[in-house]
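# Fold and contact review
For reference, the chains in residue letters:
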Number of protein chains: 2
Amino acid sequence: MKILDCTLRDGGYYTNWDFKPALVETYFRAMQQLPIEYLEIGYRSRELANYLGQYFYCPEYVLENARRLTDKKLAVILNQKDFPVSDVKEVLVPVKDYLDLVRVAVNPDNFDEALILATELKSHGFKVAFNVMYMSSWSENGAFIKELPRTAGLVDYFYMVDSFGGVFPGDIKQTIKMVRNETDVALGFHGHNNLELGLINTLTAIEEGVEIVDATITGMGRGAGNLKTELLLTALNAKHELDVNFNALTSVVEAFEQLQSQHGWGTNLPYMVSGANSLPQKDVMEWVTRRFYSFNSIIRALQNRKKGSQDNEKLPIFEQSSSYQNVLIVGGGPNAVDHAEAIKHWIGKQESVAIVHASSKNAKHYEELADTPQFFCLVGSEGHRLEKVFDQMVDFKGQCILPPYPREMGTYIPSALSGKSNELKEVTFTKVNKDTHTVLAIQAAIDLGATQVFMVGYDGYMEGNISQQEKSLSEENELVFKDFSDIAENSIVSLTPTNYKGLDVQSVYGKLV
Amino acid sequence: MKILDCTLRDGGYYTNWDFKPALVETYFRAMQQLPIEYLEIGYRSRELANYLGQYFYCPEYVLENARRLTDKKLAVILNQKDFPVSDVKEVLVPVKDYLDLVRVAVNPDNFDEALILATELKSHGFKVAFNVMYMSSWSENGAFIKELPRTAGLVDYFYMVDSFGGVFPGDIKQTIKMVRNETDVALGFHGHNNLELGLINTLTAIEEGVEIVDATITGMGRGAGNLKTELLLTALNAKHELDVNFNALTSVVEAFEQLQSQHGWGTNLPYMVSGANSLPQKDVMEWVTRRFYSFNSIIRALQNRKKGSQDNEKLPIFEQSSSYQNVLIVGGGPNAVDHAEAIKHWIGKQESVAIVHASSKNAKHYEELADTPQFFCLVGSEGHRLEKVFDQMVDFKGQCILPPYPREMGTYIPSALSGKSNELKEVTFTKVNKDTHTVLAIQAAIDLGATQVFMVGYDGYMEGNISQQEKSLSEENELVFKDFSDIAENSIVSLTPTNYKGLDVQSVYGKLV
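Residues numbered from 1 in each chain as written. Chains lettered and ligands numbered in written order. Predicted model: local features only at pLDDT ≥ 70, side-chain atom pairs only at ≥ 80, totals over all residues. Heavy atoms only, no water.

### Quick notes on the overall build of chain A
- Each helix and strand counted, chain A has 18 helices and 16 strands in total.
- The proportion of buried residues among the 513 residues of chain A is 59%.
- In chain A, 73% of the contacts between residues at least 6 apart in sequence involve partners at least 24 apart.
- Here chain A has roughly 21,000 Å² of accessible surface; of this, 46% comes from carbon and sulfur atoms.
- Of note, chain A has its 48 positive side-chain charges centred 2 Å away from the centre of its 66 negative side-chain charges. (Helix = DSSP H or I, 4+ residues; strand = E, 2+ residues; numbered from the N terminus. Buried < 20%, exposed > 50% of the residue type's maximum accessible area, 1.4 Å probe, protein only. Contact = heavy atoms within 4.5 Å. Areas by Shrake-Rupley, 256 points an atom, 1.4 Å probe, with all protein chains shown as cover. Lys, Arg positive; Asp, Glu negative; His and termini not counted. Charge placed at Lys NZ, Arg CZ, Asp CG, Glu CD.)

Okay, structure coming up:
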C-alpha cells in the first residue's frame, strides 16, 4: 500500500497555488523522512485566464527545485476537460524526466476522451493514473464502469474520488466490488472530509485491497479538505506498526497550521450538508471563504438544491409609481449611527428622497422618519435580522425588496411582511452577484428613479486589520461602485467617512451649513 | 434512538464550566427546536477545592433557569469517585424535580462502588445512567463485564465511553457483543473525536442497537472533543430523514464557533497520537492548552509512554566544583538582544559570573563571551533549537543542563553534546512543573551557588494583547519567581524592562555608570 501526499496540489485551491519558499522547503524536508511514496505537487497546464500561481503551472524550474529537494516520486495532475490531447507533446513531454506519475482528473461523462488522452500519455512513456470523480453517483451514473476493461495497458492506477465527501465505508466496499467485476487495474482512493469520514473510508479502502491512497497535511484541500496525512500516518503507526518520524511530521503540520489559521480550511456545517447530500462543494467553498453569507443562508441554498426550489417563491415585481430624485442608501457600518442625527437633518431638507436600507442593522435609528419612504433589502437570511431589529413587526412601515427570481439563497420573508415584499425585475448595472446587499440597494435606487445616490454607513475596513472575508466583501463592493459610476458618472457619493477606494466622499455636515 | 447533547457539561472543561448567559440562551433556544431528547447541562457536586463554575455545581437557580428555557429532559452527571453515597440525599434529592436523568461516570475498577451509588439513587426514584470509561481496554481489563447482570433494576442506560478516542467501528461491534452476552440493559455510546471517528463509531453503535448516543455542539469537550451534534444531525437527516431545523442548528453552531476560536478545542496531532495508542488525554490537554510545549515535545512524551522510557536516559548529575556569586539568566525575549551590548559590558565588570540560557533563542548574541561559563537549559525539544542556533556544534563551548530524571518530555541532546550534558539532581525551591525553562534555569543558578540572580530577556507580555497560552506561561513564571523570592529575598532582579509582576527591576545601564 502506497501513500500519495497532494498537499501542494490540493491545498493550492486556498492559496491560488502559491506557497512561500520556506514552507515548501519545510514540506519537502519532512516528506523526505516520512513513509510517503508520491508527492503530487501541482497541475501542469497551458496558460489559462486569470492569475494562477506557480504550483498550478509547475514550470520547469519549479519541478527542478522539487527534484533537488526530494528524491521521492513526483506527480502532477491534469484536468482532462481543460487538457487537449495535443498539449501532451507541448506541455508534458518537455518535463518528462521530472515526472514519475501523471494523474488525470476525469468526469465519468468524459471517460472516452480520457482514454484517448491516456493513450497519448502512454505513447510518450508516462505512468498514468485516472482520478475519476463523483464516486457517490456511480451506482446511478456509472455507465463508464462497463468500459473499464479498456484501461488495460493505459492506466496504472484507477482512483475512486469521493468528490462530495459523502461516501460511507459501506459504499466503498460496494463500489470496489462493482469495479472489480470489470477490471483488475490497481485501485486508488481519494477521500474528502466533509463528514469526517476521510480516515475510516481510506482504511476501509486499504482493507479492500486499494493500492494507493491520497492525503494532505492538515487536510488542506478544496472545500472541506481531505484526509489528513498526519491522521493516516498516526493510525497506521498505531494499528499496523508503520514507522513514522513524528518529529518530521510535527514540523510540517505546525507549518501548515499557521497557514490554516489564515484560510480556515476544514469541514463546517455547510460542507457537512453538501457532503451528506452529494451537492457540489465548489459554490459552498466560494460562499464560505469569499462571500459574506451566514451559515443560515448557505444551508438554505443547499436545502433548496436538495429539495428543488420550493423555497423560491416568485414575488410581484418592484415597480414604483412615484420616483425620487435622491436616494439614501444606509449600510451596516457604525457611521450610520454615529452621524444619524445629521443625516436625519439632511433628509428633512430634501424635497424628493427615499431611504434604502442595504442592511437592517442600523434601521432602527431611522424608524422615526415616518414621512420618508423606506425600503429594506432582504438578501439571504436578512429577514431574520429584520425581525430581530423590529420586534413588533405589526407597526412596520417599510417595504421589502428582494433580488430577482430565482434566488439561490432562498426567500425568507417575515410573515408579517408578505404583502409588503417585492422582487427586482433584473439587475442592469453590474455583473457582480445579484444576491448581495449593495447590488440590491443600488438597483433599487435606480428603479426608484434616483439621479443622485448617497451612501451612509459604508465605512469599509482599515487596511492591515482585515480578514480575508472582509477583504473580499470590500473588493466586491468597490467593483459594484465602479460599475455604477461607469453608467452614471458622479452620481454616487458617501456622506460619512469611508475607507472604500473609488467612492467619492462629501460631508453630511457641509450640506447642513 | 435518542440523542443526548452534553455541550455545557463536557464543554465546561474549556471554560471552567462558566458560560455567558446570552450563549446559554442561544443554546437552549436552538435545542428546543432540534430532535434532541436529553440536555446534560453539568455536574452536581459538593464543594471541591479550586474555582469551578456554575455548570459544575448546577445550583438550584441554574437548574430552575434551564427548566424555564426548555422543556427538554435535563440531565446532570456525577463523578462516582468524588461522590460519596451519602451525598445523594444532600446534593441530589433537593433538586430531584429538575432532573430527568442522573448519569454516573464510572471507572471499571470501581464498578462495585458504582452499583452501591446506583442503589441509593434508585431508592430516591432517580433515572440512572452509567457512563463506564476506558472502553478500548475492556477486552483486557473487563472483569466488571461479568457483573453486568447486577445492573438490572438499577441502571437505565449503560454507556460505553471511548475515553481515549481510539476505538474503531469494529471494536464497537465486538464490545457490544461482549456486553450483550451478559445483559439486555439499554445501551448508550459516548464517542471522542481524536481520530475523527466520532461519527462512524456512533452510527455503527446505532446500527448495532444502541439506544442513546452523546454529542456536543462543535464537538466542544475535554481534549480533542466529542462527536459534533451538527454532524450527527446532518448525517441522520440525509441518511435517515431525521427532521432537522437547520436554522436553529446554525445559530447555535455559530455561537459556539466564536468560543472555539478562543479555546481551540478539536483534534490535533498530539490528540491523535494519544487516541491511537489509548493514552490518557488529560495531560495532553494540559500540555496543549496551558503549557508552552511544542507538538514535538508532546509527541515525544507520548511516544515515551507508549514505548516505555527508552528515550529517558539517566545522565550524570549537574555538580559544580566552582561556584559563582552572580548568575545571569538569559530568556527568550527581544530585550536580551536589544540590550545585549550593555549586558556584555556588565558581565565584563563582574568578578564571579556565569550565564544560564533559559532558552537558546538569544544565545548566539552571547557566544563571543568565551571566558564566561555558559549553561544551556534543555527542556523538551529545546535541543533541536540549540542545533539550529549553533549550526557548527563542534565549536560549541557551553554545557547543557536537563531537568531531573525521569523527564516526561524526553531527553533530546544534540549528539555533539552528549559528553557535555548533565541533569539536575532535584528541584528544591518550587512545586511548579520541573520541566519548564525558568524552573530549570533558576535551579541551575542555585546549584551554581549564586547569591544574586539577574534576569534579562524576560520581557513578559502586555496585558490585553496576550493569548491564553502566553497568559498561562506568564502566570506560571510569576509563581516561580515568587517561590524563589520566598526562600531568598531580594536575590532575583531583572536588568531589562519586564511586564512580569513581582519581579524587581533595575537597569543594566545604571550598573555601568
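### Considerations on the side chain of Thr151(A)
All names here are of chain A.
- Position of Thr 151 relative to the elements: it lies in the loop between β5 (128-132) and β6 (157-161).
- Overall, the relative accessible area of 2% leaves Thr 151 in the buried class.
- Setting aside residues no more than four positions away along its own chain, Thr 151 makes contact with Phe 111, Leu 115, Thr 183 and Val 185.

### Quick word on the environment of Glu60(B)
Residue and element names in this part refer to chain B.
- Mapped onto the fold, Glu 60 is located in helix α4 (residues 60-69).
- Judged by relative accessible area, Glu 60 falls into the partly exposed class, the value being 40%.
- When sequence neighbours within four positions are dropped, the list of residues in contact with Glu 60 reads Arg 44, Val 95 and Tyr 98.

### Remarks on the relation of the copies chain B and chain A
- It takes a turn of 180 degrees to lay chain B on chain A, together with a shift of 0.1 Å along the axis; the resulting RMSD is 0.2 Å. Expressed as an axis order, the relation between the two copies is that of a two-fold axis. Of every C-alpha in chain B, the one belonging to Glu196(B) sits nearest the axis of rotation, 2.9 Å from it.
- Take the interface residues of chain B: 100% of them recur as interface residues in chain A, which is what a same-surface contact looks like. (Least-squares fit on C-alpha atoms with pLDDT ≥ 70 in both.)

### Describing the layout of surface pockets
- If you add up the space inside the second largest pocket, you get close to 740 Å³.
- Forming the walls of the second largest pocket are 27 residues, and the residues nearest its centre are Pro169(A), Ile200(A), Pro169(B), Ile200(B) and Thr204(B).
- Of the residues contributing to the lining of the second largest pocket, the split by class is 15 nonpolar, 6 polar and 6 charged. (1 Å grid on protein atoms, 1.4 Å probe; cavity = no way out; pocket = protein on both sides within 12 Å on 5 of 7 lines; lining within 4 Å. Points joined across faces, edges and corners; volume = space filled by probe spheres on them. Nonpolar A, V, L, I, M, F, W, Y, C, P; charged D, E, K, R; others polar.)

### Quick notes on the nonpolar core
- Core analysis: the biggest nonpolar cluster contains 219 residues, and Phe130(A), Phe158(A), Phe130(B) and Phe158(B) have the highest contact counts within it.
- For this core, the element with the most residues is helix α10 (residues 246-263) of chain A, which contributes 8 residues.
- Those residues in contact with Phe130(A) that lie beyond four places of it in its chain are Val104(A), Val106(A), Phe111(A), Ala114(A), Leu115(A), Ala118(A), Val155(A), Tyr157(A), Phe158(A) and Tyr159(A). (Core = buried A, V, L, I, M, F, W, Y, C linked by side-chain atoms within 4.5 Å.)

### With respect to the sheet that holds strand β11 (residues 374-377) of chain B
Residue and element names in this part refer to chain B.
- One open sheet holds the 8 strands; their spatial order is β13-β12-β11-β10-β9-β14-β15-β16, and the pairing between them is parallel. The open sheet is flanked by β13 (421-423) and β16 (504-505), the only strands paired with a single partner.
- Pairing of strand β9 (residues 326-330) with strand β10 (residues 353-357) involves 5 bridges; the strand directions are parallel. Across the sheet, residue Asn 326 finds its bridge partner in β10, namely Val 353. (Pairing = 2+ DSSP bridges.)

### Remarks on helix α17 (residues 437-447) of chain A
Residues and elements named next belong to chain A.
- Counting buried positions along α17 yields 8 of 11 residues, so the element is predominantly enclosed.
- Among all positions of α17, only Thr 438, Val 439, Leu 440, Ala 441, Ile 442, Gln 443, Ala 444 and Ala 445 are buried.
- Once α17 finishes, Gly 449 follows within two positions and takes phi at roughly 80 degrees, a positive value.

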